[in-house]
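Fold and geometry: a report
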Amino acid sequence: MIKDFSVSALMMGLLTAFVGFISSFAVIMQGLQAMGATAPEVASALLAQSISMGLLAIVFSSWYRMPVSIAWSTPGAALLSGISVIEGGFPAVVGAFVVCGVLIILSGLFRPLSRAIRLIPAPLANAMLDGILLSLCLAPVKAVAFNAALGLPIVLTWMVVVSRWRLWAVPASLGALILVLVFGVDLPPDTMAQIGQAIHPSLTFVTPVFTLHGVISVALPLFIVTMASQNIPGMAILRVHHYEPPPGVMFVGTGIFSILGGLVGGVPVNMAAITAAMCASEDANPDPARRYWAAIVAGFGYIVFGLIAGGIIAFVSLAPPILLQAVAGLGLVGAFANAAFAAYRDPETREAAAITFLVTASGLSFAGISGAFWGLVAGGVMMTLQRFIQTLKK
């Protein structure tokens, strides 16, 4: 195993950990805060998720000798941002995280469940994801309107960097946020002391509360989004690079750690797509059989980031909330564009996708159930009706 180690894998692994953590931790923070999590609970969640991502990547990559990259459910966290605080508060959300983890395990143990997720029409799944992402993707515009002197540097930095070095765009915008904080915001005199005190987070157990509202409004949409936009594409990325990961084992492993992480406030962990492509690329190593080291290095990197997550949260929390939301939104622009393209590409399903998007993006809930669920239902009804009428015409 040691003989397969290479400098190129080391560099790609470090880059993967940096991009994977920095580009999306703001989305995780925003989603958990929207659900009522306190600052210590957010830090606990990031610690648990980072350790889970790291351990799973190290174990899977070492055991199967393939670059298995693990991520947290960024689209799932974006989903949480669009749902108002549910009945039962954050403990009910934690209960939903646990249920979601159980569903992921079941999808690994029982193939029909994972196949059922694949049966959800891709245009509707992408339209639902687009509706979920819309509110956060509007945050950069709102940040500029809130204070152009603070918001514009962040947005312009992202626009310049994404045009040339796409992977560095979100880290660069986060760097711009830090500069805006240092030079544009009056920081408390004891800022460094606060960061030093919070830099090492501790795990905060949250007693889960299981409610029907939490299952339908959070757990089911979270499971669908995690499977459709993370796990299934993540497996596909590895297969494109000529690896054959065992989906059952991967889903069971991520499901178990999603339950454990959920008990301390963390959103589910899952197979990665973007960072998987980085670790599986030729840049990690010309020899495909040696690329797994990139994912192993990234795993150790995630653990390190998790251990200092409290300090990162303490610092960025000094910014006006809309600025952190802006960074999170910029990190999701690419996902929003890709989902929109996939949702509206087929003219035959365009209206159904549009209905799914509009109902989801409305942010409204009916009968206490979030718009993401009803968006899929409404789009599915429209698609079924269209196909039924087309059948009658024939």
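A brief structural summary. Numbering of residues begins from 1 in every chain and follows the order in which that chain's sequence is written. Since the coordinates come from a predicted model, pLDDT governs what is reported: local features require at least 70, and pairs of side-chain atoms require 80 or more to be given and counted, while whole-chain, interface and lining totals use all residues. No hydrogens and no water enter the side-chain calculation; it runs on all heavy atoms of the structure.

Attention shifts here to the overall build of the protein chain. The helix count covers DSSP runs of H or I at least four residues long, the strand count covers runs of E at least two residues long, and both are numbered beginning at the N terminus. Along its length, the protein chain carries 20 helices and 2 strands. Taken along the three principal axes of its C-alpha coordinates, the protein chain extends 70 × 55 × 45 Å. In this scheme, a residue with accessible area under 20% of its type's maximum is buried, one over 50% is exposed, and one in between is partly exposed, where area comes from a 1.4 Å probe on protein chains only. The 394 residues of the protein chain split such that 55% are buried. In the protein chain, the proportion of contacts linking residues at least 24 apart, taken out of those at least 6 apart, comes to 83%. Only the protein chains shown count as cover for residues, and the accessible areas themselves come from Shrake-Rupley with a 1.4 Å probe. A total accessible area of about 16600 Å² is found for the protein chain, and carbon and sulfur atoms account for 71% of it. The distance from the centre of the 16 positive side-chain charges to the centre of the 13 negative ones in the protein chain is 11 Å. Contacts: residue pairs with any heavy atoms within 4.5 Å of one another. The sign given to each residue is positive for Lys and Arg and negative for Asp and Glu; His and the chain ends receive no count. Charge positions come from single atoms, namely NZ of Lys, CZ of Arg, CG of Asp or CD of Glu.

A separate point is helix α4 (residues 74-81). Extensive coverage of α4 is indicated by the burial of 8 of its 8 residues. Taken together, the buried positions of α4 are Thr 74, Pro 75, Gly 76, Ala 77, Ala 78, Leu 79, Leu 80 and Ser 81. As for α4, its buried residues are in contact with α2 (25-34), β1 (70-72), α5 (89-109), α7 (122-137), α12 (212-240) and α20 (371-393).

Let us now look at the layout of surface pockets. Within this model, the largest pocket holds a volume of roughly 1200 Å³. Cavities and pockets were defined on a 1 Å grid built from protein atoms only: a cavity is a group of points that admits a 1.4 Å probe but offers it no way out, a pocket is an open group of points flanked by protein on both sides within 12 Å along at least five of seven lines, and a lining residue is one with an atom within 4 Å of any such point. In this structure, the largest pocket is lined by 47 residues; those nearest its centre are Gln 230, Ile 274, Gly 334, Ala 335 and Asn 338. Element by element, the count of residues in the lining of the largest pocket is highest for α12, at 7 residues. Within the lining of the largest pocket, the residues separate by chemical class into 34 nonpolar, 11 polar and 2 charged. Grid points are joined across faces, edges and corners, and a volume is the space filled by probe spheres set on the points. Each residue gets one of three labels, nonpolar for Ala, Val, Leu, Ile, Met, Phe, Trp, Tyr, Cys and Pro, charged for Asp, Glu, Lys and Arg, and polar for the others, Gly among them.

Quick look at the nonpolar core now. Burial of nonpolar side chains together is a common tendency in soluble globular proteins. Residues Phe 25, Leu 32, Leu 46, Ile 70 and Leu 323 are the most contacted members of the largest nonpolar core, which totals 101 residues. Not counting residues up to four positions away in its chain, the partners in contact with Leu 323 are Ala 143, Leu 150, Gly 151, Ile 154, Leu 177 and Val 180. Listed in part, the 13 residues of the second largest apolar core include Met 12, Met 278, Tyr 292 and Trp 293. The criterion is simple. A nonpolar core is a set of buried Ala, Val, Leu, Ile, Met, Phe, Trp, Tyr and Cys residues joined through side-chain atoms within 4.5 Å.

Here the focus is a nonpolar patch on the surface. Together, Val 102, Leu 106, Leu 109 and Phe 110 line one region of the surface with nonpolar side chains, adding up to about 340 Å² of accessible area. You can call Leu 109 exposed: its relative accessible area is 54%. Like-charged residues within 9 Å of one another, or nonpolar side chains (Val, Leu, Ile, Met, Phe, Trp, Tyr) within 5 Å, are grouped into patches, provided each residue has over 30% relative accessible area and no salt bridge. Any Lys or Arg side-chain nitrogen located within 4 Å of an Asp or Glu carboxyl oxygen qualifies as a salt bridge.

Let us now look at the packing of α12 against helix α13 (residues 247-262). Working convention: axes come from line fits to C-alpha atoms, limited for helices to the stretch in contact. Angles between N-to-C directions cover 0 to 180 degrees. Packing of α12 against α13 brings their axes to within 12 Å, and their N-to-C directions diverge by 140°. Classified by the angle between their axes, α12 and α13 sit oblique to one another. Between α12 and α13 lies a crossing of right-handed hand. Side by side, α12 and α13 meet where Met 227, Asn 231, Met 235 and Arg 239 of the first sit next to Pro 247, Met 250 and Phe 251 of the second. When the residues that make up the contact of α12 with α13 are grouped by side-chain class, the tally is 5 nonpolar, 1 polar and 1 charged. Oblique is the label for any angle not under 35 degrees, not over 145, and not in the 65 to 115 range, which are roughly parallel, roughly antiparallel and roughly perpendicular in turn. With the far helix as reference, a near helix turned anticlockwise by less than a right angle produces a left-handed crossing, and one turned clockwise produces a right-handed crossing.

If you walk through the whole model with that rule in mind, you get 1 salt bridge. Among the salt bridges present, the one from Asp 4 reaches Lys 3, with a minimum N-O distance of 3.5 Å. We classify Asp 4 as buried; its relative accessible area is 12%.

Another point: helix α10 (residues 169-184). Helix span is expected to be 1.5 Å times the residue number reduced by one. Relative to the 22 Å expected for 16 residues at 1.5 Å per residue, α10 spans 21 Å between its end C-alpha atoms, a close match to the ideal helical length. Turning to α10, its buried residues are Ala 169, Val 170, Pro 171, Ser 173, Leu 174, Ala 176, Leu 177, Val 180 and Leu 181. Where α10 is buried, its residues touch α1 (7-22), α2, α9 (148-162), α16 (309-316) and α17 (321-331).

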